[in-house]
Amino acid sequence: MSQHEAISSCEAADRLAIRELVEAYAHCADRRDAKGQMALFTHDTRFVVYMNAKDPKPSQELHSREALAPVFADLNQYAATTHFVGQSTIFTLTGNHGTGETYCLAHHLTVNDGKRCLMVASIRYLDTFSKIDGVWLFAERQLYVDWLEERALS
């Protein structure tokens with residue numbers, strides 16, 4: 001475990017708000033609240049997807065809050081999703097800017113002709129955060145898929 005110096009109540013509140021931002025993203029995804037999910041990003045956000053974390057070339061790159069709509073709407077193809085948010089580390093936090101990394105196991109359930117299939121994705125997010133008008137938002141979110149597993153369910 002790392003040693004921690006005392007932090008101010010403002011920094012503690014900022015760290016909590018950033019954790020709540022990360023959790024709100026997963027919550028909105030699982031509730032199919034695309035508008036709520038989009039509202040968690042700055043207007044000029046950058047969202048980059050690496051479907052293969054080992055490939056330096058992104059699979060998708062978007063450059064505005066509005067461009068996120070089809071990405072989040074794509075979740076509607078699943079009968080259900082559950083995003084388990086794991087460890088979330090803040091690397092830097094200075095004033096109104098921060099960076100961090102979050103791990104997530106994303107479960108995606110499909111049902112076709114009565115057959116259920118589960119796809120689990122191990123995801124890491126590298127984030128840049130901005131505090132605008134007192135609210136923490138994603139300024140950049142890089143999504144890395146470390147591995148995928150697909151299996152039939154009973």
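Higher on the page you've got the structure.
A quick note: this is a predicted structure, and the numbers were derived from the prediction, not measured.

Q: When you look at the overall build of the protein in this model, what are you seeing that I'm missing?
A: Of regular secondary structure, the protein possesses three helices and six strands. Reading the helices (α) and strands (β) of the protein from amino to carboxyl end gives α-α-β-β-α-β-β-β-β. Against the globule reference of 15 Å for 154 residues, the protein gives a C-alpha radius of gyration of 16 Å, in line with a compact fold. The principal-axis extent of the C-alpha atoms belonging to the protein is close to 55 × 40 × 30 Å. Within the protein, buried positions represent 40% of all 154 residues. Across the protein, contacts joining residues at least 24 apart in sequence account for 55% of those joining residues at least 6 apart. Carbon and sulfur atoms make up 53% of the accessible area of the protein, which totals about 9100 Å². Side-chain charges in the protein split into 15 positive and 20 negative, and the spacing between the mean points of these groups amounts to 5 Å.

Q: Hey, could you run me through the packing of aromatic side chains in this one?
A: The geometry of an aromatic ring pair comes down to the distance between the two centres and the angle between the two planes. Tallying each qualifying case throughout the model produces 10 aromatic pairs. Ring centres of F47 and F72 lie 6.1 Å apart, and the angle between their planes is 85°; this geometry places the pair in the edge-to-face category. You can see F47 sitting in strand β1 (residues 41-50) and its partner F72 sitting in helix α3 (residues 69-73), a full 25 residues away along the chain. Given the relative accessible area of 1%, F47 is considered buried. Summarising the aromatic geometry, the rings of F129 and F138 are spaced 5.9 Å apart at their centres and angled 40° between planes, so their arrangement reads as tilted. As far as the burial class goes, F129 and F138 line up, both buried. Put simply, the rings of Y25, F41, F47, F72, Y125, F129 and F138 touch in pairs and so form one group of aromatic residues. R141 extends its terminal NZ or CZ atom over the ring of Y25, reaching a point 4.4 Å from the ring centre.

Q: Would you mind showing me how to read the pairing of β1 here?
A: If a strand is regular, its side chains alternate between the two faces of the sheet. The element β1 is largely enclosed, with a buried count of seven among its 10 residues. The pairing of β1 with strand β6 (residues 135-153) spans six bridges and is classified as parallel. Paired with V49 across the bridge in β6 is L143. As defined by bridge partners, β1 adjoins strand β2 (residues 60-62) across three bridges and the pair is classed as antiparallel. Bridge pairing in β2 places V49 opposite Q60.

Rules used in this analysis
- All chains use their own residue numbering, which begins from 1 and follows the written sequence.
- In keeping with the predicted nature of the model, local features appear solely for residues at pLDDT of at least 70, side-chain atom pairs appear and are counted solely at 80 or more, and the whole-chain, interface and lining totals rest on all residues.
- Each side-chain value is derived from all of the structure's non-hydrogen atoms; neither hydrogens nor water enter the calculation.
- Counting from the N terminus, the helices are DSSP H or I runs at least four residues long and the strands are E runs at least two residues long.
- For the radius of gyration, the atoms used are the C-alpha atoms, and the globule rule reads 2.2 Å times the number of residues raised to 0.38.
- Only protein chains enter the calculation, and the probe is 1.4 Å; a residue is then buried if its accessible area is under 20% of its type maximum, exposed if over 50%, and partly exposed in between.
- Contact definition: two residues touch when any of their heavy atoms are within 4.5 Å.
- Per-residue accessibility takes into account occlusion by the displayed protein chains alone, with areas from the Shrake-Rupley method and a 1.4 Å probe.
- Working convention for charge: Lys and Arg count positive, Asp and Glu count negative, and His plus the chain ends are omitted.
- For charged residues, the charge sits on one atom: NZ in Lys, CZ in Arg, CG in Asp, CD in Glu.
- Stacked, tilted and edge-to-face are the three classes applied to pairs of Phe, Tyr and Trp rings, where Trp contributes its six-membered ring and a pair requires centres within 6.5 Å; stacked means planes under 30 degrees apart, edge-to-face means over 60, and tilted covers the rest.
- Two conditions define a charge located above a ring, namely a distance within 6 Å from the ring centre to NZ of Lys or CZ of Arg, and an angle within 35 degrees of the ring normal.
- One bridge is not enough; two strands pair if DSSP finds at least two bridges between them.

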